[in-house]
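So the chains spell out like this:
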Amino acid sequence: MVFNWFRRKFGGTGEAQEPTDRPVSPPSEPAAVTPPSEPATTPPEGGILNWAKTALQSIQSRQPSPEVESAVAPEASAPPKVPAVPEVTPSEPAETIEEAAPVTLDAGFLWSAEVLAAQGRRPEEVDLEEITWLQRLRQGLGKTRRGLVHRLRAIVGQGPLGRDAVEEIEMLLLQSDVGVKATDQIIAALQTKIRQEALPADEAIAYLKQILRDILDAPFHQGYTPDFAPQKGQLNIWLITGVNGVGKTTTIGKLAHIATQSGYRCLIAAADTFRAAATEQVKVWGQRSDVEVIANPGKNTDPAAVVFDAIGAAQARGTELLLVDTAGRLQNKANLMEELKKIRRIIDKKANHAVVESLLVLDATLGQNGLRQAQVFAEAAQLTGVILTKLDSTAKGGVALAVVQELGLPIRFIGAGEGIKDLRPFSSFEFVEALLSSEVEVAA
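The following refers to the structure shown. (Residues numbered from 1 in each chain as written. Predicted model: local features only at pLDDT ≥ 70, side-chain atom pairs only at ≥ 80, totals over all residues. Heavy atoms only, no water.)

### Points about the overall build of the chain
Note the cut-off: Secondary structure elements are taken from DSSP: a helix is a run of H or I of four residues or more, a strand is a run of E of two residues or more, and numbering for both begins at the N terminus. Think of it in three bands: with a 1.4 Å probe and only protein chains considered, a residue is buried below 20% of the maximum accessible area for its type, exposed above 50%, and partly exposed in between. Contacts are residue-level and defined by heavy atoms, with any inter-residue pair within 4.5 Å sufficient. Surface accessibility follows the Shrake-Rupley procedure with a 1.4 Å probe radius. Residue values consider only the protein chains on display as shielding.
Looking only at helices and strands, one finds 14 helices and 10 strands in the chain. With 444 residues in all, the chain has 55% of them scored as buried. A fraction of 81% describes how many contacts in the chain between residues 6 or more apart in sequence connect residues 24 or more apart. Total accessible area computed for the chain in this model is approximately 19,300 Å², and 50% of it derives from carbon and sulfur atoms.

### Concerning the pairing of strand 8 (residues 385-389)
Let me state the cut-off plainly: At least two DSSP bridges between two strands are needed for those strands to be called paired.
Buried residues dominate strand 8, accounting for 5 of its 5 residues. Every second residue of strand 8 is oriented toward a common face, with Gly385, Ile387 and Thr389 on one face and Val386 and Leu388 on the other, all of them buried. In this sheet, strand 9 (residues 411-415) lies alongside strand 8 in parallel orientation, the contact comprising 3 bridges. Residue pairing in the sheet places Ile387 in a bridge with Phe413 of strand 9.

### What about the packing of aromatic side chains?
Test applied: Each aromatic pair joins two rings of Phe, Tyr and Trp (for Trp, the six-membered one) with centres within 6.5 Å, and gets the label stacked for planes under 30 degrees apart, edge-to-face for over 60, and tilted for any other angle.
Counted under the stated rule, the structure contains 7 aromatic pairs. Taking the centre distance of 5.9 Å and the plane angle of 85° together, the rings of Phe6 and Trp238 count as edge-to-face. Within this pair, whereas Phe6 is found in the segment before helix 1 (47-62), its partner Trp238 is found in strand 3 (residues 236-241), the two being separated by 232 residues in sequence. The two residues Phe6 and Trp238 agree in class, both being buried. Where Phe426 meets Phe431, the ring centres are 5.6 Å apart and the plane angle is 50°; that geometry is what we call tilted. Judged by relative accessible area, Phe431 falls into the buried class, the value being 1%. Three or more aromatic residues joined by ring pairs make a cluster, and in this case those are Phe6, Phe228, Trp238, Tyr264 and Phe413.

### Digging into the packing of helix 6 (residues 180-194) against helix 13 (residues 399-407)
Applicable threshold: Throughout, an axis means a line fitted to C-alpha atoms (over the contacting stretch in the case of helices), and angles, computed between N-to-C directions, take values from 0 to 180 degrees. Under this scheme an angle from 65 to 115 degrees is roughly perpendicular, one under 35 degrees roughly parallel, and one over 145 degrees roughly antiparallel; angles in between are oblique. Gly counts as polar in this scheme, as do all residues outside two lists: the nonpolar Ala, Val, Leu, Ile, Met, Phe, Trp, Tyr, Cys and Pro, and the charged Asp, Glu, Lys and Arg.
Across the interface, helix 6 lies against helix 13 with an axial gap of 8 Å and an inter-helix angle of 100°. Of the possible angle classes, the one that applies to helix 6 and helix 13 is roughly perpendicular. Contact residues: helix 6 offers Lys181, Ala182 and Gln185, while helix 13 offers Leu401, Gln405 and Glu406. A class-by-class count of the residues in the contact of helix 6 with helix 13 yields 2 nonpolar, 2 polar and 2 charged.

### With respect to the sheet that holds strand 4 (residues 266-270)
Pairing in this open sheet of 8 strands is mixed, and the strands run 5-4-6-3-7-8-9-10 from one edge to the other. In this open sheet, the two edge strands, each paired with only one partner strand, are strand 5 (293-294) and strand 10 (423-425). With 2 bridges connecting them, strand 4 and strand 5 associate as parallel partners. Pairing of Ile268 across the sheet is with Val293, part of strand 5.

### Structural notes on the pattern of salt bridges
Condition: By convention in these notes, a salt bridge is any Lys or Arg side-chain nitrogen within 4 Å of a carboxyl oxygen on Asp or Glu.
All told, the structure shown has 21 salt bridges when counted by the stated rule. Across the salt bridge formed by Lys283 and Glu280, the nearest N and O atoms sit 4.0 Å from each other. One end of the pair, Lys283, and the other, Glu280, are both in helix 9 (residues 278-288), 3 residues apart, so they sit about a helical turn from each other. By relative accessible area, which is 34% here, Lys283 ends up partly exposed. The shortest N-O distance in the salt bridge between Asp302 and Lys342 comes to 2.8 Å. With Asp302 in the loop between strand 5 and helix 10 (303-317) and Lys342 in helix 11 (residues 333-350), the pair connects residues that are 40 residues apart, well separated along the chain. Asp302 sits in the partly exposed class, given a relative accessible area of 33%.

### Side note on the pairing of strand 7 (residues 355-363)
The buried count for strand 7 comes to 9 of 9 residues, which makes it a mostly enclosed element. By the alternation rule, side chains of strand 7 split into Val355, Glu357, Leu359, Val361 and Asp363 and Val356, Ser358, Leu360 and Leu362, which are all buried. In the sheet, strand 3 pairs with strand 7 via 6 bridges, with the strands oriented parallel. Bridge pairing links Asn236 to Val355 in strand 7.

### Side note on helix 6
Inclusion rule: A helix is expected to reach a length of 1.5 Å times the quantity of its residues less one. As used here, the arc is the angular range of directions from the helix axis to the C-beta atoms.
The end-to-end C-alpha distance of helix 6, which contains 15 residues, comes to 21 Å, matching closely the 21 Å that a straight helix rising 1.5 Å per residue would cover. Residues Ala182, Thr183, Ile186, Ile187, Ala189, Leu190 and Ile194 constitute the buried set of helix 6. Angular distribution of buried residues about the axis of helix 6 spans 165°; they occupy a single face of the element. Tucked into the core, helix 6 has its buried residues touching helix 4 (142-156), helix 5 (163-175), helix 7 (201-216) and helix 13.

### Description of the nonpolar core
The condition that has to hold: Only buried residues count toward a nonpolar core, which is a set of Ala, Val, Leu, Ile, Met, Phe, Trp, Tyr and Cys residues joined through side-chain atoms within 4.5 Å.
In this structure, Trp238, Phe413 and Phe431 are the most contacted members of the largest nonpolar core, which totals 112 residues. Excluding residues within four positions of it along the chain, Trp238 makes contact with Phe6, Phe228, Ala229, Pro230, Leu255, Leu321, Leu322, Leu323, Val324, Glu357, Leu359 and Phe413. If you look at the next biggest cluster of nonpolar residues, it comprises 21 residues, including Ile237, Ala269, Leu322 and Val324.

### Quick look at the packing of helix 8 (residues 248-261) against helix 9
Under the convention used in this document: Crossing handedness is defined as follows: a turn of the near helix away from the far one that is anticlockwise and smaller than a right angle gives a left-handed crossing, while the clockwise case is right-handed.
As a packed pair, helix 8 and helix 9 sit with axes 9 Å apart at the nearest point and diverge in direction by 25°. Comparing the axis directions of helix 8 and helix 9 gives the class roughly parallel. For the crossing formed where helix 8 meets helix 9, the hand is right-handed. Contact residues: helix 8 offers Thr249, Thr250, Ile252, Gly253 and Lys254, while helix 9 offers Ala278, Gln281, Val282 and Trp285. Of the residues that constitute the contact of helix 8 with helix 9, the class distribution is 4 nonpolar, 4 polar and 1 charged.

This is how it looks when you write it as structure tokens:
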């Protein structure tokens, strides 16, 4: 059975909805964020441990071989068992295959199960890759989480927020790359609630989680659709843009993998023709994801010509998703923007019925510096979403909030590692839980 990551269910209802054809333009003025309501995260009947055990048994029954161990880990604080994935370089053999490590019902599995159950998921419909991905995400945000949660609990557990407490929370958020605008919004919402009454630390953290989710989901109240997937049975063209060095070409390979694993017919256009080794690098990722790459063998060729050929190939083969690798030379901004406009004209002329998205790849490790680059880049790129990459232990997770606040765009995908499975559709609920949740204990 194909596990469709684009149609993966999350968001609290347990039911996926069909996405609309394309996002509409957001209004000029951002909508005000109202004080959030308490999140509905009631454990399922029988407790989360029973839910997790049922999920593990269901996963085990679907495995072709006994790869899942059902033993309960003795230590509640044991780190999640996540398979190590090698970094890909153009010289690496395309047939490199990840080796899956045994999964146990440890703290990492139980935390993932709790997050999935809170979104209305049933244990028998959970996939092993979902569990593994959530563990990767939690590991990637571990540094930020450890720096935030304990200090926040100490601050908000002391009673109504005074001036010193507000300043300390502001410092914590800014140090986590949340950004000034998002920090001001978070502080204002916290003060509205905690200035009037003293909340237990757990309730205050739960309230803070909802504030962060509201910020991350704000673009969906401004016209963007929360569901993001290629339309089946027709051509979708995704322009992948971004500054050189942010992981743009690698991200395309990972998106191609998600597409093929989710049952889509996919093709890649190697239109970054000016960067050395870009075409060879995307070909390696194309081989790993079993997706053909349309490229021009010449040097410094016209990117628009590559896109023209790729559209023709996609139409002839019934391709559903065409991923276009574009150049990212900010030092030559005028030519870069003209190049992007020319590509859009080619698409409008040759594939005027295609669903077109323009996604900006942003390196989370660059923090505020990366945001400034993105703002310059976004001026003429007609962006419809953001892909946040390299969100591993070296990055500060708060940058996701700054991205949404500063750019006004939804985060569509998030990367938490270098492996081919380390890029997944973004869920604000899962991200905030990984950022702010405490450790989960495993009981017998």
